[in-house]
Amino acid sequence: MKLDRIFIFFILLLLGILFYWVCYLGYNQESYRKQQTQTTDPSIVKNILMSEEKHKNLGLQSSPGFLYSQPSLLVGSRTDVVSVTPWLAPIVWEGTFDSSLIDSMYKKKNITIATTVFALGKYTRFLKEFLESAEQHYFVGYRVRYYLFTDRPEEVPEIKLGEEHYLTILKVPSMDRWQDISMGRMEILEKLTKSELASEADYIFCLDVDAKFYGPWGVETLGRLVAVIHPWFYGYPRDQFTYERRPESQAFIPAGEGDYYYTAAAFGGTFKEVHELTKYCREQQSIDASKATEAIWHDESHLNKYLLYNKPSKLLSPEYLWRDISMRTSQVKVIRLSHVAKNNEEVRQNA
Ligand code: UD2
């Protein structure tokens, strides 16, 4: 008899818990529905749609049934190089990514890559090889908008561009000193990344013109803030990097500090990040100029300082900027972009 009572008590207790749980769920769904109806305010709906769009742009989705090699946690395909920084940004080398997988995911995203290049004075002679080789290797199959800044638009060669690749020529004033041309890029890029052109593209890369593509440069390079490791110094201790070491320059980096030495010949990311970087470099260059100082490697010195304290989210190995005059090394399996040999005295206004 006593056992029956205990049994009935437990049944009632269970029913009570069940009833409470059903009521609680119902309340939550009701308040969720209320939130949904509140969002019919057009401005809020627009914000939500915009953030959903942003989210869609950030996420990478693969397709069911798309087959690729199993990623391993135990065996890396590259053991001769480091492919992650101490702050956990990937360092892209051939063999560290699956281009068919990455392509399959980015193809769905309908992205546009803006690419800037400057060719002032005699540097227009590099345009043909730069653009023709880019059309063979650079973001083939994706929408690319080149923005070419030059003081000699009449010298821009006719290049047959691939599908969805566009070229805009923008005239800029001539300058006498090559150092001013190189550093002056920062101010122009600062403005470009803030202009309405920013809405025409998702990512931007800023490249030197005296360079040629030899291998594929694709969506594996995209990221929030992307820096390229300089081909000269990738095996050097940090104290031998050619950072600015004079405290009187804004680009000064004290001994003992530094991660990698980055090239100014190629960098990129989102418009927001590249805007911040170029604005910083332009500001620091102006402060130096007001003190009659010039950093040892001009824009590159300021870029290195910025990237030391604003860590890039992705690094590209020297495959992404080699030098034609350098011996190939075993670590560099594919040369994608390379600086062509040039006679500085011949191509620059001032040697
Ligand atoms: C290094 C950097 C370069 C820049 C420069 C500053 C590398 C591989 N490159 O290259 O990015 O930071 O040092 O000291 O590290 N330009 C013209 N007309 C000129 C001169 C320059 O259009 O008369 C443009 C052109 O786009 C060129 C760029 O400025 O690619 C940089 O000049 P550079 O290539 O002569 O500089 P360089 O080789 O010392």
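Residues numbered from 1 in each chain as written. Predicted model: local features only at pLDDT ≥ 70, side-chain atom pairs only at ≥ 80, totals over all residues. Heavy atoms only, no water.

Draft legend 1. How the structure looks around the site of the ligand. Taken together, 23 residues surround the ligand, and among them Phe118, Tyr123, Asp210, His298 and Glu300 come closest. Within the backbone of Ala265, one N or O atom sits 3.3 Å away from an oxygen atom of the ligand. Within the complex, the protein chains bury 95% of what would otherwise be the 720 Å² of accessible surface of the ligand. Applying the majority rule of atoms within 2 Å of the grid points places the ligand in the second largest pocket. (Near = heavy atom within 4 Å. Polar contact = N/O pair within 3.5 Å; in protein donor to acceptor, adjacent residues only side chain to side chain. Areas by Shrake-Rupley, 256 points an atom, 1.4 Å probe, with all protein chains shown as cover. 1 Å grid on protein atoms, 1.4 Å probe; cavity = no way out; pocket = protein on both sides within 12 Å on 5 of 7 lines; lining within 4 Å. Sits in = over half its atoms within 2 Å of the grid points.)

Draft legend 2. Geometry of the packing of aromatic side chains. In total, this model carries 24 aromatic pairs according to the counting rule given. On the numbers, 4.8 Å between centres and 80 degrees between planes, the contact of Tyr138 with Phe139 is edge-to-face. Both residues of the pair, Tyr138 and Phe139, count as buried. An aromatic cluster is built from Phe130, Tyr138, Phe139, Tyr142, Tyr146, Phe205, Phe213, Trp217 and Tyr320, whose rings are joined through pairwise contacts. Geometry around Tyr142 places Lys107 over its ring, the cationic atom sitting 4.5 Å from the centre. When the ring centre of Trp178 is taken as origin, the NZ or CZ atom of Arg348, which lies over that ring, is 3.5 Å away. (Phe/Tyr/Trp six-rings, centres within 6.5 Å; stacked < 30°, edge-to-face > 60°. Buried < 20%, exposed > 50% of the residue type's maximum accessible area, 1.4 Å probe, protein only. Lys NZ or Arg CZ within 6 Å of the ring centre and 35° of its normal.)

Draft legend 3. Region of interest: empty space enclosed by the protein. Taken as a whole and assessed by the stated rule, the structure comprises 1 cavity of 30 Å³ or more. The calculated volume of the largest cavity comes to roughly 60 Å³. If you list the elements that add at least two residues to the lining of the largest cavity, you get β2 (112-119), α5 (178-192), β5 (203-207) and β8 (262-269). Among the elements that take part in the lining of the largest cavity, α5 stands out by supplying 4 residues, more than any other. Considered class by class, the residues forming the lining of the largest cavity number 7 nonpolar, 2 polar and 2 charged. (Points joined across faces, edges and corners; volume = space filled by probe spheres on them. Helix = DSSP H or I, 4+ residues; strand = E, 2+ residues; numbered from the N terminus. Nonpolar A, V, L, I, M, F, W, Y, C, P; charged D, E, K, R; others polar.)

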